[in-house]
Amino acid sequence: MVLESGREREQRQVSVVPAEVLSGGAPAVDEPVRRPAELGPRARLWPSLVAVYRAQLSRARVARIPLLFVATFQSVGILVMMRGVVEGGREAESVVAGSAVLVVAFVALNLLAQYFGQLRASGGLDHYATLPVPPAAVVLGAAGAYASFTVPGTVVTAVFGCALFGLPVTHLWVLAAVIPLAGAALAGLGAACGLLAPRPELATLLGQLGMSAALLLGVLPPDRMPEPVRFLRDLLPSTYGVEALARTFGKGPDWAYVGVDLAVCAAVGVVSLAVATWAYRRAAVR
Amino acid sequence: MAPAVRPRDEVVCAVRGLTKTYPAVRGRRGTPATPEVRAIDDVRLDIRRGEIFGLLGPNGAGKSTLVRQLTGLMRPDTGSVEILGHDIVRHPERAARILAYLGQESTALDELTVSLAAETTGRLRGLDVRRARSERDAVLDELGLTAIAGRPLKKLSGGQRRLACFAAALVGERPLLVLDEPTTGMDPVARRAVWSAVDRRRAEHGTTVLLVTHNVIEAETVLDRVAVLDQGRIIACDTPAGLKEQVAGEVRVELVWRERAPLDVPEVAGLRERAAESGRRWTLRLAPEEARAVVATVTGGAAFAALDDFTLATPSLEDVYLALGGAARQGLVRT
Ligand SMILES: Nc1ncnc2c1ncn2[C@@H]1O[C@H](COP(=O)(O)OP(=O)(O)OP(=O)(O)O)[C@@H](O)[C@H]1O
Ligand SMILES: [Mg+2]
């Protein structure tokens, strides 16, 4: 038999398929398909990342994610409370930077862990897993969107904090680097927690714990902490975002240190997002 | 007229010796232990090009498990799955480039608008922005969703949401559609939209469809062939008409009593053990002459006063389904 091209086969199909009814009880046809069919296109990384990012951003508009507001209120509340305790100087800088980065931890770490935990538990990952999209696009798109959600809250908190404690807003532009880099690190951790936790409650719990750690270890001035606690603080990636921001409030900030802090965030971001991507792959095919 | 080797005899999806056992889970405080479950047991299937192939079976029969293995979402313990010449067990990621899958869950799309859900799905299926948008518009129009295109899925009715998910599955054409109960919750208009969209793709591109369904009426009207699944095994696989022939010698009698069955009438009491009871309704599958006798009994004499309604019907796929699948549990007569 002459092998026919796919197009010819399709054209013959039109006349044969619709009306016909198969004869009953026909035995299974054993011959396998001769040539593997051409596969559909793969979605490329960048366009699909953009598509996921856009879809996730629109979720915030639809769902209004009320917790985004809670994140901001929480940080503003902490600033007001700490005003009575902290005089100014280095401590005030820590408090303002810590509160601002706390918004990032709340949204990128906590909410993203919850989101992925629920998506996985409810079978929502099946949707992505049956599309030819690179795992990294799904993880990075969602992480990017959640990092973006933190922008308004972080900026509002930082500006409010500066006003409250009389700190200069001159170098607040550094948030343009702090938010994406701390966002990458924390969103990567959040995504990894959500995708690795065996149950959604555990994902929520891990996200909450991470956020609490960022609150307790990031907002309080480190000088008063005992040694072991300070060690824990150094392990937390949000700390480096806090430090980077805090350094820029002083006169003549040491930009090299700021750069090092941000580089740590970036490195943690790369590693945690890679882990999250691996976790996604694992969760998608069981 | 038909060619000797018809294109539709070409096997699109070949499944051999497929087996899946969910491991036992040891009980913990509050959660009882669950034993090992053999969800799929040595399944063999051939789905041919251009056909609508159905999987029918009671709850827990293993339909979703089987479909998840075919779509590369779950690794089988043993066995092979070949779709259009590709080994899906070894290369599960290829499934996404061959088939479109409509799962039972919509959580990934719930917070998107209908329009964005369809467009994003198309883009993730590898279409560029322009193609994704034009296909999105065409599909939404075809399914009558244009009017609600701007509304988020979460705020739609169950049937509308299902239709929107179906629309997303159609953006970015695929030679194989795997649909897990696509018409759940849909009204007749939406159902018709689904089946005519499927038919169009079948006529124009020779699209093959694998359909999981509970709805026997739907199974009878839209399926070319159907496999009946029970406890992980395929117990029958044929055309709906062919399956119905297996119970062709029988007639279904349904009796609805006003309040309760008049068990004081000996003939009625005698029927009881052969009837599937559901509330006031008794369903019996009988040989034609037996059925005539039963109808004579209940429409005359003492039983008639207690009778609310009765029907006599030729067997449907439902009877096949019950006879083959649910028979043991429901105490129905086996053929
Ligand atoms: N994740 C799981 N872990 C353990 N057992 C499972 C799991 N998923 C399904 N099962 C069991 O495997 C069997 C087949 O389940 P499956 O979901 O495939 O059935 P189904 O035919 O799709 O049912 P339904 O019609 O209710 O959707 C059932 O006995 C079920 O309890
Ligand atoms: Mg199911």
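Here the residue numbering is sequential within each chain, running from 1 through the sequence in written order. By the order in which they are written, chains take letters starting at A while ligands take numbers starting at 1. Predicted model: local features are reported for residues with pLDDT of at least 70 only, side-chain atom pairs are reported and counted for 80 or more only, and whole-chain, interface and lining totals are derived from all residues. With hydrogens and water set aside, each side-chain value is computed from the structure's full complement of heavy atoms.

Notes on the overall build of chain B
A run of H or I in DSSP counts as a helix once it spans at least four residues, and a run of E counts as a strand once it spans at least two, with each numbered from the N terminus. Regarding its fold elements, chain B presents 10 helices and 14 strands. Each of the three principal axes of chain B carries a C-alpha extent, and together these read 75 × 65 × 45 Å. Between buried and exposed lies partly exposed: a residue is buried under 20% and exposed over 50% of the maximum accessible area for its type, with that area taken using a 1.4 Å probe on protein chains only. Burial statistics for chain B: of 335 residues in total, 56% are counted as buried. Every accessible area reported is derived by Shrake-Rupley at a probe size of 1.4 Å, with residue values counting cover from the shown protein chains alone. Carbon and sulfur atoms make up 50% of the accessible area of chain B, which amounts to about 14,600 Å² in all. Computed over 48 positive and 45 negative side-chain charges, the inter-centroid distance for chain B is 6 Å. For the purpose of counting charges, residues Lys and Arg are taken to be positive, whereas Asp and Glu are taken to be negative. His and the chain ends are not included. A charge is said to be at NZ when it belongs to Lys, at CZ for Arg, at CG for Asp and at CD for Glu.

Regarding the pairing of strand β4 (residues 78-83) of chain B
All names here are of chain B. With five bridges joining them, strand β1 (residues 11-22) and β4 adopt antiparallel strand pairing. Following the sheet pairing, cysteine 13 is matched in β4 by isoleucine 83. The sheet contact formed by β4 and strand β5 (residues 86-87) spans two bridges and is antiparallel. Across the sheet, isoleucine 83 pairs through a bridge with histidine 86, a residue of β5. Only when DSSP finds a minimum of two bridges between them are two strands counted as paired.

Some remarks on the sheet that holds strand β2 (residues 37-48) of chain B
With antiparallel pairing, four strands are arranged side by side in an open sheet as β2-β1-β4-β5 (chain B). The two strands at the open ends of the sheet, each matched to only one other strand, are β2 and β5 of chain B.

Points about the site of ligand 1
Residue and element names in this part refer to chain B. We define proximity as follows: a residue is near a molecule or strand when any one of its heavy atoms falls within 4 Å of that partner. If you check the shell around ligand 1, you find Tyr22, Val37, Ala39, Pro58, Asn59, Gly60, Ala61, Gly62, Lys63, Ser64, Thr65 and His214 and nothing else. Residue glycine 60 places a main-chain N or O atom 2.8 Å away from an oxygen atom belonging to ligand 1. A 3.5 Å cut-off defines polar contacts: any pair of N or O atoms within that distance qualifies, except that in protein one atom must be a possible hydrogen donor and the other a possible acceptor, and neighbouring residues in sequence count only when both atoms are side-chain atoms. Here serine 64 contributes a side-chain N or O atom positioned 2.9 Å from an oxygen atom of ligand 1. In the complex, the protein chains occlude 61% of the 640 Å² of accessible area that ligand 1 would expose alone. For the shell around ligand 1, the secondary-structure elements that each account for two or more residues are β2 and α1 (63-70). Here the shell around ligand 1 takes three residues from α1, the largest share from any one element. Its residues assigned to classes, the shell around ligand 1 comprises five nonpolar, six polar and one charged. Gly is placed with the polar residues, together with every amino acid not listed as nonpolar (Ala, Val, Leu, Ile, Met, Phe, Trp, Tyr, Cys and Pro) or charged (Asp, Glu, Lys and Arg).

Considerations on the nonpolar core
Ranked by internal contacts, the top residues of the largest apolar core, which has 76 residues, are Leu112 and Phe165 of chain A. Looking at this core element by element, the count peaks at 19 residues for helix α4 (residues 89-121) of chain A. In this structure leucine 112 of chain A touches Val107, Ala142, Ala143, Tyr146, Ala187, Gly190 and Ala191 of chain A, once residues within four positions along its chain are discounted. Take the buried residues of types Ala, Val, Leu, Ile, Met, Phe, Trp, Tyr and Cys, join any two whose side-chain atoms come within 4.5 Å, and each joined set is a nonpolar core. The next biggest cluster of nonpolar side chains, apart from the first, holds 55 residues, and it includes Ile52, Met186, Val228 and Ala236 of chain B. Any two residues whose heavy atoms approach within 4.5 Å are treated as being in contact.

A closer look at the pattern of salt bridges
Within this document, salt bridges are pairs made up of a side-chain nitrogen of Lys or Arg and a carboxyl oxygen of Asp or Glu, the two lying within 4 Å of each other. Following the criterion strictly, the structure yields 31 salt bridges over all chains and no others. We note a salt bridge from glutamate 204 of chain B to arginine 200 of chain B, for which the minimum N-O separation is 3.3 Å. Of this pair, glutamate 204 of chain B and arginine 200 of chain B are both found in helix α5 (residues 188-205), four residues apart, which corresponds to roughly one turn of the helix. Given a relative accessible area of 40%, glutamate 204 of chain B falls into the partly exposed group. Shared partners join several salt bridges into a network, and the residues in it are Arg54 of chain A together with Glu119, Arg133, Arg136 and Asp137 of chain B.

Here's the deal with the domain arrangement of chain B
Many structure descriptions define interface size as the accessible area lost when the parts assemble. You can read the domains of chain B as domain 1 (7-241) and domain 2 (249-314). Each domain's extent is set by a domain assignment, obtained either automatically or from a database. One C-alpha centre belongs to domain 1 of chain B, the other to domain 2 of chain B; they are set 40 Å apart.

Quick word on α4 of chain A
Residues and elements named next belong to chain A. By this rule, a helix spans an expected 1.5 Å times one less than how many residues it contains. Taking 1.5 Å of rise per residue, the 33 residues of α4 would be expected to cover 48 Å, and the 47 Å separating its terminal C-alpha atoms lies within 8% of that figure. Taking the largest bend as the criterion, α4 deviates by roughly 25°, centred on alanine 105. Most of α4 sits out of view: 29 of its 33 residues are buried. Two residues or fewer after α4 comes glycine 123, characterised by a positive phi angle close to 85°. We define the bend at each residue as the angle formed by axes fitted to the 7 residues ending at it and the 7 residues starting at it.

Some details on the UniProt feature "transmembrane region" (unreviewed entry) in chain A
Per the UniProt record, the feature "transmembrane region" (unreviewed entry) sits at residues 62-82, 94-116, 137-166, 172-195, 202-220 and 255-280 of chain A. Between the first and last C-alpha atoms of residues 94-116 of chain A the distance is 31 Å; the span itself is 100% helix and 0% strand. UniProt positions are given in the numbering used here, feature names are shortened, and annotations may be inferred rather than shown by experiment.

Some thoughts on unusual backbone geometry
Residue and element names in this part refer to chain B. Of note, glutamate 181 is a non-glycine position whose phi angle comes to about 50°, a positive value. As for its placement among the helices and strands, glutamate 181 is situated in the loop between β7 (176-180) and α5. Although it is not a glycine, glutamine 231 adopts a positive phi angle of roughly 45°. Mapped onto the elements of the fold, glutamine 231 is located in the loop between β9 (225-230) and β10 (233-238). In this structure glutamine 231 comes out as exposed when scored by relative accessible area, which is 56%.

What about helix α3 (residues 129-142) of chain B?
Residue and element names in this part refer to chain B. In a regular helix each residue adds 1.5 Å, so 14 residues correspond to 20 Å; α3 covers 20 Å between its end C-alpha atoms and thus fits that length. Residues of α3 that are buried: Ala132, Glu135, Arg136, Val139 and Leu140. What you see down the axis of α3 is that its buried residues fit within an arc of 130°, all on one side. Across from the buried face of α3, at angles greater than 90 degrees, the exposed residues are Arg130 and Asp141. As used here, the arc belongs to the directions running from the helix axis to the C-beta atoms.

Regarding the packing of aromatic side chains
Ring geometry is summarised as follows: Phe, Tyr and Trp rings, the Trp one being its six-membered ring, pair when their centres sit within 6.5 Å, and such pairs are stacked at plane angles under 30 degrees, edge-to-face over 60 and tilted between the two. Evaluation of the coordinates by the stated rule reveals five aromatic pairs over all chains. With 5.6 Å between their ring centres and 80° between their planes, tryptophan 257 of chain B and tryptophan 282 of chain B make a pair best called edge-to-face. You can see tryptophan 257 of chain B sitting in strand β11 (residues 251-257) and its partner tryptophan 282 of chain B sitting in strand β13 (residues 281-286), a full 25 residues away along the chain. An aromatic cluster of three or more residues is present, and its members are Tyr115, Phe116, Tyr146 and Phe149 of chain A. In this arrangement the basic side chain of arginine 83 of chain A is found over the ring face of phenylalanine 165 of chain A, its NZ or CZ atom lying 5.4 Å from the centre. Only when the NZ of Lys or the CZ of Arg is both within 6 Å of the ring centre and within 35 degrees of the ring normal is a charge said to sit over the ring.

What about the sheet that holds strand β14 (residues 307-313) of chain B?
All names here are of chain B. An order of β12-β13-β11-β14 is seen for the four strands of this open sheet, with the pairing classed as antiparallel. Edge positions in the sheet fall to β12 (276-278) and β14, since each has one partner strand and no second. On average, each strand axis in the sheet is inclined to that of its neighbour by 15°, with strand direction left out of account. Looking at chain direction, β11 and β14 are connected through six bridges and run antiparallel. Within the sheet, the bridge partner assigned to leucine 255 lies in β14 and is phenylalanine 310. To obtain an axis, a line is fitted to C-alpha atoms, over the contacting stretch when the element is a helix, and the angle between two such axes runs from 0 to 180 degrees between their N-to-C directions.

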